[in-house]
Amino acid sequence: LLSQFFFADERVTRVVAEINGLDAELDPQQYLVLLNQLHLSQAHLLAVLERIMDECIPTQRYSRDYLVKFPEELLADNLGNHMLFAAECLLAGTFLEVEETDGVQLRPQARNLLCSLELVRTVLREQSLSQPSSYPEPVQAVLIQFDQLFAEFELSYVSSLVAVKSPEEIYRQQEIIVLFCETVERALRLGYLTQEMIDGYEPLLMFTIPRLAIISGLLIYPEGPLSLEQSPEQMSRVFSPFYNLLKKIRDLLRVLSLEELCLLERSLCTAE
C-alpha cells in the first residue's frame, strides 16, 4: 500500500507541476484536461490513503456516524475528493458553494486539513522509501490527526451547504425501515409475497411493499411512524405531506371486514 501511495503521490505532484507551468489563458483546453487529471489523481491518492488508514489505525478511525445525516445524493458522489477541492477553494478565498460568511469561518479548518494532508504525504513518502511494510508510531499519529481533521471539516462544510437531517428525522426514518421489514414478514406469513419474489428483486415489489406498509402502519401498528395521533410536523417528511389523505384511507379501512381487508391486500399485490 505504501508503494501504491508513493506512485499515486508522484502522479499528483506531476500534474500540479504541469498546471503551474501552464498559462491557462493561452491554452484553456489543456488547462481543463489537466484539471480533470488532477481530480482523478487526487481521488486515487485519497482512496489509497483510506486503505492505509484502515490497515494502520483500524480501531482509531474517527467516527463517521454523522454520514447518516447527509442527503443520499451527496453520498453517491466521491465526497472525499469533493471535500479536498472545497478546502483548496476556501483557502484560495473562493466561495463556490457556501455563503461568504460561512466560508470565512471554514477557512481555518480548511487550512488545518490541507496542512495535515501535506504532512501525511511527506511522512508516507519517506516511510515508503525506508520501511514500506511497517507503520511506526509517528506515522500512525499523523494519520490519526488527518483522519480527525478531515471528518470535522467534512461535517462542518456539508452542514453549511445543505440541511442536515436532525436526530429526530433519522429516528423517524429508522421507524419506517422497521415498519417495512415487519410488513414484508407479515406478507410472507400470509402468502401475499414469496421469498423467491424478494430474492429475485421482483419489480412489482416496489409498488406492493409500500402499499402494504401503509395498511400495516394505519391498522396493525397504529402507534408506529404512521400514527395519526401525532401532528403532521411530528411525522417523517416521507408521509407528512399526505396526512389528510392517510386519515381518509384509515377511515375507509376501518369499515372493512377481515375478509374484505385480506382481499384488498391481495389485490394490492397484483395491481400496478
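Chains are numbered independently. Their residues run from 1 in the order of the written sequence. Note on the predicted model: pLDDT of at least 70 is required for a residue's local features to be given, and 80 or more for side-chain atom pairs to be given and counted; whole-chain, interface and lining totals, by contrast, use all residues. Only hydrogens and water are removed before side-chain values are computed, so all heavy atoms of the structure are retained for them.

The protein appears in an unreviewed UniProt entry as LST2 protein from Rhinopomastus cyanomelas.

For the rest of this paragraph, the subject is the domain arrangement of the protein. Boundary definitions for the domains trace back to an automatic or database domain assignment. Domain assignment breaks the protein into domain 1 (1-161) and domain 2 (167-270). Between the C-alpha centres of domain 1 and domain 2 the distance comes to 43 Å.

For the purposes of this section, nonpolar cores are sets of buried Ala, Val, Leu, Ile, Met, Phe, Trp, Tyr and Cys residues that join through side-chain atoms within 4.5 Å. Only protein chains enter the area calculation, which uses a 1.4 Å probe; residues under 20% of their type maximum are buried, those over 50% are exposed, and those in between are partly exposed. Membership of the largest hydrophobic core comes to 45 residues, with the highest contact counts inside it found for L49, I52, L124, L143, F146, F153 and Y157. Secondary structure counts use DSSP, requiring at least four H or I residues in a row for a helix and at least two E residues in a row for a strand, with both numbered from the N terminus. Within the residue set of this core, elements represented by two or more residues are helix 1 (2-20), helix 2 (28-56), helix 4 (79-91), helix 5 (100-130) and helix 6 (137-161). Once residues within four sequence positions are removed from consideration, F153 is found in contact with M83, A86, A87, L90, L106, Q109, A110 and L113. Formed by 14 residues, the second largest nonpolar core is a distinct cluster that contains L218, L228, M235 and L261. Contacts are assigned to residue pairs with any non-hydrogen atoms lying within 4.5 Å of each other.

This brings us to the packing of helix 4 against helix 6. Orientation is described by axes fitted as lines to C-alpha atoms, over the contacting stretch for helices, and by angles from 0 to 180 degrees between their N-to-C directions. The contact between helix 4 and helix 6 brings their axes to 10 Å, and the two run at 80 degrees. Here helix 6 runs roughly perpendicular to helix 4, going by the angle between their axes. Together, L79, G80, M83, A86, A87 and L90 of helix 4 and F150, F153, E154, Y157 and V158 of helix 6 make up the contact between the two elements. By the convention adopted, Pro, Cys, Tyr, Trp, Phe, Met, Ile, Leu, Val and Ala count as nonpolar, Lys, Arg, Asp and Glu as charged, and the other residues, Gly among them, as polar. Grouping the constituent residues of the contact of helix 4 with helix 6 by class yields nine nonpolar, one polar and one charged. In what follows, roughly perpendicular refers to angles from 65 to 115 degrees, roughly parallel to angles under 35, roughly antiparallel to angles over 145, and oblique to any angle outside these ranges.

Turning next to the side chain of R121. Tracing the chain through its elements places R121 in helix 5. Take R121: its relative accessible area is 10%, and that puts it in the buried class. For the purposes of these results, a polar contact is taken to be a pair of N or O atoms within 3.5 Å, where, inside protein, one atom must be able to donate a hydrogen and its partner to accept one; residues adjacent in sequence count only when each atom of the pair is a side-chain atom. For R121, the side chain forms a polar contact with the side chain of T13, separated by 3.1 Å. Once residues within four sequence positions are removed from consideration, R121 is found in contact with F5, D9, V12, T13 and L45.

Let's shift gears to helix 1. A helix is expected to reach a length of 1.5 Å times the quantity of its residues less one. Look at helix 1: 27 Å from first C-alpha to last across 19 residues, which is about the 27 Å you get at 1.5 Å a residue. Three or more residues of helix 1 are buried, namely L2, F5, F6, A8, D9, V12, V15 and I19. Lining the buried residues of helix 1 we find helix 2 and helix 5.

With that settled, the discussion passes to helix 10 (residues 243-254). Spanning twelve residues, helix 10 covers 17 Å between terminal C-alpha atoms, matching the ideal 16 Å at 1.5 Å per step. Restricting attention to buried positions, one finds in helix 10 the residues Y243, L246, R250 and L253. What you see down the axis of helix 10 is that its buried residues fit within an arc of 80 degrees, all on one side. For helix 10, the exposed residues set more than 90 degrees away from the buried face come down to N244, K248 and L252. Those residues of helix 10 that are buried lie in contact with helix 9 (205-220) and helix 11 (258-268). In this description, the arc belongs to the directions extending from the helix axis to the C-beta atoms.

Let's shift gears to the state of the cysteines. When two cysteine sulfur atoms are found within 2.5 Å, that pair is recorded as a disulfide. This model, assessed by the stated rule, comprises zero disulfides. With no disulfide partner, C269 has as its closest neighbouring cysteine sulfur the one in C262, 11 Å distant. Assessed through its relative accessible area of 7%, C269 is described here as buried.

This next bit is on the environment of L226. With respect to the helices and strands, L226 occurs in the loop between helix 9 and helix 10. Placed 205 residues apart in sequence, L226 and G21 show a C-alpha to C-alpha distance of 61 Å. The contact partners of L226, leaving out residues within four places of it in the chain, are L179, A213, I214, G217, L218, M235, F239 and L246.

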